[in-house]
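Chain by chain, the residues:
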Amino acid sequence: MNVTKAEVHVMRLDDYVPLLGAPEIDELRALAGQLSGRTVQMVNSTAMGGGVAEMLNRVIPLIQELGLQPRWDVITGGQDFFEVTKAFHNALHGGPYQARKEDFDLFLATNELNRQRLQFDCEFTVINDPQPVALIEARSKQEGHWIWRCHIDLSHPNADVWSFLRPFVYRYDAALFSSPAFARQLPIPQYLFHPCIDPLSEKNVDLDPEWVSSVLVRYGIDASRPIVTQISRFDRLKDPVGVVHAYQIVKRYMDCQLVLAGGSASDDPEGEIVLEEVRREAKNDPDIHLLNLPPWSALEINALQRASTVIVQKSLREGFGLTVTEALWKKKPVVASAVGGIPAQVIHKHTGLLVHSIEGTAYQIRFLLSNPALAQKLGEQGHDHVREHFLITSNVKRYLTIFLHSLTHS
Ligand code: UDP
């Protein structure tokens, strides 16, 4: 399928058959047959922006088509709540954090307001990430199955924040983590649950090359010179300033342009500040394109990824890094930090190149720009790796399996 902006439509399961084969889809239907009519509630903290919303947007319609009854609820909270949860997020990723009682109180009060506002009557309740974790208070007796889906790297959490959140996690029936390295000592079962991309979504579907070119023209990017790109929210943990520094090293030796494209998420209040930091480092270089994109830019992001010569993901910490998955799916050579779930995707020298520093990032970008045949091979192998492990159909299958397992073991 090859789309231009006007042609995108809602996908049905049968649309995946040409890409993935009928057996894959038949398997989903067979599994789902045993769950027909079961109710599922997914809860997270933003409807747009970031990888979790991206996945829920695609997983929920497919689960519905498979005969289950899913519902998606987004918790609400003030700016102060999201500042606290962002501080928790950074602290859980190992960053510094000064524990404050008022933060914990605000967290609990906002969860309590959401508990009163939302309805919890489904057979399966999947709570995504720490922000709504205290909604487990809504569980009445032992009814229903409550699952905590954690998308972030918990391997070195700040002790104060984790001690505060842990008692809530203990009360779930199971926890799902994106990488074995993220698992904690918990008294509940833990399952490995890879995130996924939808190959037919606006973000990933094949695009008309003319439309790709028109996006470059619109943003003033020169299609005839190499393009190095990082797509990410403007978040310090994505290290956009580090990417600018790596580009500046590359630029001493080779001609190229840098595209840093990102938007904000409603649960991330730091975006503007970080964008300003990046602007300062970019020093008005006309070859650095800082694009602050609105949330409805999936096709533009797709086009930017497809137009790129090399894609970078220089995160300091990462949950999984769906931007890496998206780049690999598009057969792009990727240079990415060996953090979080990235090494599950980027197998060094096989599906991309792993790095640990700004200098390493610059070195590997230069290496790929000078070796287009190898770059192409890495991209193709990356695409196969994603097809095998990180597509939405595998993710839906995992959800169905967990639900079935919960039913048979309760
Ligand atoms: N994304 C987007 N607009 C942006 C920046 C990112 O739509 O301006 C998308 C990106 O394509 C990917 C997701 O948001 O699908 C980011 O997921 P990832 O796991 O890489 O990082 P997160 O933001 O969840 O930490």
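Rules behind the numbers
- Residues numbered from 1 in each chain as written.
- Predicted model: local features only at pLDDT ≥ 70, side-chain atom pairs only at ≥ 80, totals over all residues.
- Heavy atoms only, no water.
- Near = heavy atom within 4 Å.
- Polar contact = N/O pair within 3.5 Å; in protein donor to acceptor, adjacent residues only side chain to side chain.
- Areas by Shrake-Rupley, 256 points an atom, 1.4 Å probe, with all protein chains shown as cover.
- Helix = DSSP H or I, 4+ residues; strand = E, 2+ residues; numbered from the N terminus.
- Nonpolar A, V, L, I, M, F, W, Y, C, P; charged D, E, K, R; others polar.
- Pairing = 2+ DSSP bridges.
- Axes fitted to C-alpha atoms, helices over the stretch in contact; angles between N-to-C directions.
- Contact = heavy atoms within 4.5 Å.
- Buried < 20%, exposed > 50% of the residue type's maximum accessible area, 1.4 Å probe, protein only.
- Core = buried A, V, L, I, M, F, W, Y, C linked by side-chain atoms within 4.5 Å.
- Left-handed = near helix turned anticlockwise from the far one by under 90°.

Peer 1: What is the right way to read the site of the ligand from this model?
Peer 2: Taken together, 15 residues are adjacent to the ligand, and Gly51, Arg233, Lys238, Gly263 and Glu326 come closest. At a separation of 2.8 Å, an oxygen atom of the ligand approaches a polar backbone atom of Gly51. In the complex, the protein chains occlude 88% of the 540 Å² of accessible area that the ligand would expose alone. Of all the elements in the fold, those that place two or more residues in the shell around the ligand are helix H3 (51-65) and helix H11 (322-329). In terms of residue class, the shell around the ligand is made up of 2 nonpolar, 7 polar and 6 charged.

Peer 1: So what exactly am I meant to see when it comes to the sheet that holds strand S6 (residues 174-177) here?
Peer 2: Each strand in a sheet pairs with its neighbour through backbone hydrogen bonds, running either in the same direction (parallel) or in the opposite one (antiparallel). If you walk across this open sheet you meet the 6 strands as S3-S2-S4-S5-S6-S7, and the pairing is parallel. The outermost strands of the open sheet, each flanked by one partner alone, are strand S3 (69-74) and strand S7 (190-192). Neighbouring strand axes in the sheet, compared pairwise and without regard to direction, differ in orientation by 20° on average. As judged from the 5 bridges shared by strand S4 (residues 124-128) and strand S5 (residues 145-150), these two strands associate in the parallel manner. Within the sheet, the bridge partner assigned to Thr125 lies in S5 and is Trp146. Together, strand S2 (39-44), S4, S5, S6 and S7 form the strand contacts of helix H15 (residues 392-408), whose direction differs from that of S5 by roughly 145°.

Peer 1: What is the right way to read H11 from this model?
Peer 2: Every α-helix carries 3.6 residues per turn, so stepping three or four residues along brings you back to the same face. Of all 8 residues in H11, 8 are buried; the element is thus mostly enclosed. When we look at burial in H11, the residues that qualify are Leu322, Thr323, Val324, Thr325, Glu326, Ala327, Leu328 and Trp329. Backbone geometry just after H11 places Lys331 at a positive phi near 65°.

Peer 1: Sorry, what's going on with the nonpolar core here?
Peer 2: One broad rule of soluble globular proteins: the nonpolar side chains tend to lie buried together. Counting 51 residues, the largest nonpolar core has Leu68, Val396, Leu400 and Phe403 as its most contacted members. Elements with a minimum of two residues in this core: helix H2 (22-33), S2, H3, S4, H11, strand S13 (334-337) and H15. Apart from the residues within four sequence positions on either side, Leu68 is in contact with Ala32, Leu35, Gly37, Arg38, Val40, Ile63, Leu400 and Phe403. In terms of nonpolar packing, the next biggest core, distinct from the first, is built from 36 residues, Ile136, Cys150, Phe177 and Phe182 among them.

Peer 1: Mind showing me how you'd approach the packing of H11 against helix H14 (residues 372-389) here?
Peer 2: Each pair of packed helices can be described by the angle between their axes along with the distance between the axes. It is the contact of H11 with H14, at a shortest axis distance of 7 Å, that shows an interaxial angle of 115°. Remark: the crossing between H11 and H14 carries left-handed chirality. For the pair formed by H11 and H14, the contact residues are Thr325, Leu328 and Trp329 on the first element and Gly379, Gly382, His383, Val386 and Arg387 on the second. Of the residues in the contact of H11 with H14, the class split is 3 nonpolar, 4 polar and 1 charged.

Peer 1: Please explain unusual backbone geometry as it appears in this structure.
Peer 2: The general pattern is negative phi for most residues beyond glycine and trans for most peptide bonds. Located in the positive-phi region is Asp239, a residue other than glycine, with phi close to 50°. Position of Asp239 relative to the elements: it lies in the loop between strand S9 (227-231) and helix H8 (240-253). Here Asp239 falls in the buried class, since its relative accessible area comes to 13%. A positive phi angle, near 50°, is found at Lys283, a position not held by glycine.

Peer 1: How do you make sense of the sheet that holds S9 when you look at a structure like this?
Peer 2: If you walk across this open sheet you meet the 6 strands as S11-S10-S9-S12-S13-S14, and the pairing is parallel. What marks the edges here is a single partner per strand, and that holds for strand S11 (288-292) and strand S14 (353-355). Adjacent strand axes in the sheet meet at a mean angle of 20° when their direction is disregarded. Bridge analysis of S9 against strand S10 (residues 257-262) gives 5 bridges, and the strand direction is parallel. Each bridged residue has a counterpart across the sheet, and for Val228 the counterpart in S10 is Leu258. Packed onto the sheet, helix H10 (residues 298-307) meets S9, S10, S11 and strand S12 (310-313) and runs at close to 140° relative to S9.

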